[in-house]
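Structural overview for review
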Amino acid sequence: MTIKSILCAYSGDEAKGSGLRHAIRLAKHHSAHLTGVLRHGTSTLANRYAAHVPNALLSYIRETDAKHIGNVRRRFESAVKAEGIPDRAEFVELDPAKDGPLSEFAHGFDLIVAGVHSEAATEAHLSANPDILALKSGRPVLVVPDAYDATGLADRALVAWDGKRSATRAIGDSMSILAEKSHVTLLSVGNTPRGTDRMVANMQRQGVEVDARTVKRSGSIAETILSAAQSDGAKLIVTGAFEHSKFSHDLFGGVTTDIIADAAVPVFMAH
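All residue numbers refer to positions counted from 1 along the written sequence of the respective chain. Selection of residues for local features in this predicted model requires a pLDDT of at least 70, selection of side-chain atom pairs for listing and counting requires 80 or more, and totals for whole chains, interfaces and linings are taken over all residues. Each side-chain value is worked out from all heavy atoms of the structure, with water and hydrogens disregarded.

Looking now at the sheet that holds strand β9 (residues 236-240). By way of backbone hydrogen bonds, the strands of a sheet pair with one another, either parallel or antiparallel. Spatial strand order, β3-β2-β1-β4-β5-β10-β9-β6-β7-β8: 10 strands in an open sheet with mixed pairing. Strand pairing shows two members of the sheet lacking a second neighbour, β3 (89-94) and β8 (210-215), which therefore form its edges. Direction aside, neighbouring strands of the sheet carry axes that sit 25° apart on average. At least two bridges found by DSSP between two strands is the condition for calling them paired. Only DSSP runs of H or I with at least four residues qualify as helices, and only runs of E with at least two residues qualify as strands; both kinds are numbered from the N terminus onward. Two elements, strand β6 (residues 156-160) and β9, share three bridges in a ladder whose sense is parallel. Counted as the bridge partner of V159 is V238 from β9. Axes, fitted as lines to C-alpha atoms, cover a helix only where it is in contact. Angles between the N-to-C directions of the axes lie from 0 to 180 degrees.

What follows covers the pairing of β9. Of all five residues making up β9, five are buried, and the element is well covered by its neighbours. Burial of the side chains of β9 extends over both faces: L236, V238 and G240 are buried on one face and I237 and T239 on the other. Looking at chain direction, β9 and strand β10 (residues 267-270) are connected through four bridges and run parallel. Bridge pairing in β10 links G240 to A270. Residue burial is assigned from relative accessible area. The probe radius is 1.4 Å, only protein chains are included, and a residue is buried under 20% of its type maximum, exposed over 50%, and partly exposed in between.

Next up on the list: the packing of helix α7 (residues 165-178) against helix α8 (residues 196-205). At a minimum axis distance of 10 Å, the contact between α7 and α8 shows a crossing angle of 25°. Relative to α8, the element α7 lies roughly parallel. By crossing handedness, the relation of α7 to α8 is classed as right-handed. Contact residues: T168, I171, M175 and L178 in α7; M199, N202 and M203 in α8. Three residue categories are used. Nonpolar comprises Ala, Val, Leu, Ile, Met, Phe, Trp, Tyr, Cys and Pro, charged comprises Asp, Glu, Lys and Arg, and polar comprises the others, including Gly. Its residues assigned to classes, the contact of α7 with α8 comprises five nonpolar, two polar and no charged. An angle below 35 degrees is read as roughly parallel, one above 145 as roughly antiparallel, one from 65 to 115 as roughly perpendicular, and any other as oblique. By definition, any crossing whose near helix is turned counterclockwise from its far helix by less than a right angle is left-handed, and any crossing with a clockwise turn is right-handed. Contacts were defined at the residue level, with two residues in contact if any of their heavy atoms lie within 4.5 Å.

Note on aromatic contacts: the rings of Phe and Tyr and the six-membered ring of Trp form a pair at centre separations within 6.5 Å, being stacked when their planes are under 30 degrees apart, edge-to-face when over 60 apart, and tilted otherwise. Inspection of every chain in the model, using the stated rule, returns two aromatic pairs. Relative to F91, the ring of F76 has its centre 5.5 Å away and its plane inclined at 50°; by these criteria the two rings are tilted. Of this pair, F76 sits in helix α3 (residues 55-82) while F91 is found in strand β3, placing the two residues 15 residues apart along the sequence. F91 matches F76 in its accessibility class, with the two residues each being buried. Geometrically, the ring pair formed by F105 and F109 is tilted, given 5.6 Å between the ring centres and 45° between the ring planes. Owing to a relative accessible area of 9%, F109 belongs among the buried residues under this scheme.

Interpretation in functional terms is not warranted from these geometric data alone.
Given below as structure tokens:
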């Protein structure tokens with residue numbers, strides 16, 4: 001996959017700009033156009049308490065949102081200017097009521113970069129949810145941990161491989177990225193899936209320096225993958241997302257969500 005159009009989705013102030021920094025780094029590396037987007041929805045506070053609070057308070061909430069949006073826009077514009085790419089960058093305030101959901105807006109991009117979703121009541125309606133984007137947009141999502149920073153892009157990567165559809169999709173979507181790494185580990189937990197040898201051969205034909213490894217489960221599957229990534233010195237994890245239904249995921253959780261919650265490095269996921 002050639003990356004020429006990147007969507008950087010705002011995910012909350014707690015990310016401390018990590019998603020934007022990484023998106024700019026990727027845009028410069030791939031000579032790509034960068035679009036920053038803020039999901040401009042209705043505040044949870046305003047939705048929940050609109051009928052029970054004075055209009056003055058609702059006005060204050062709206063004014064606070066407007067100020068917050070303006071601050072995010074200024075940070076984006078300042079960052080792309082400092083990195084010398086203002087001519088191929090833009091900022092969009094997305095109003096779902098008028099422009100449709102963020103997952104639909106994302107259809108026109110090669111890659112979505114986001115931080116971990118903020119659950120804060122004051123900004124959850126402005127924050128992108130990477131799980132939902134991966135499930136509904138049809139585009140790969142790179143999730144950057146809060147406060148993550150690095151001097152360059154990852155040199156080593158780990159691919160979580162279970163032989164299923166989502167993992168296969170994630171490998172296909174990330175192939176050009178993996179081909180740039182000095183080493184890639186195709187990691188399976190517990191059992192080696194059928195077709196692993198053929199997947200390795202295909203990746204090697206694509207120019208990926210890869211080897212396959214199967215490890216015993218130690219703790220949860222997510223913990224096993226994260227431990228292996230740390231041991232390998234991998235600075236990028238590639239994984240499939242939502243292999244099970246959304247209902248099952250909401251009820252029992254999912255490996256990818258657990259990885260994102262605890263990863264210290266960016267996680268590339270696709271559904």
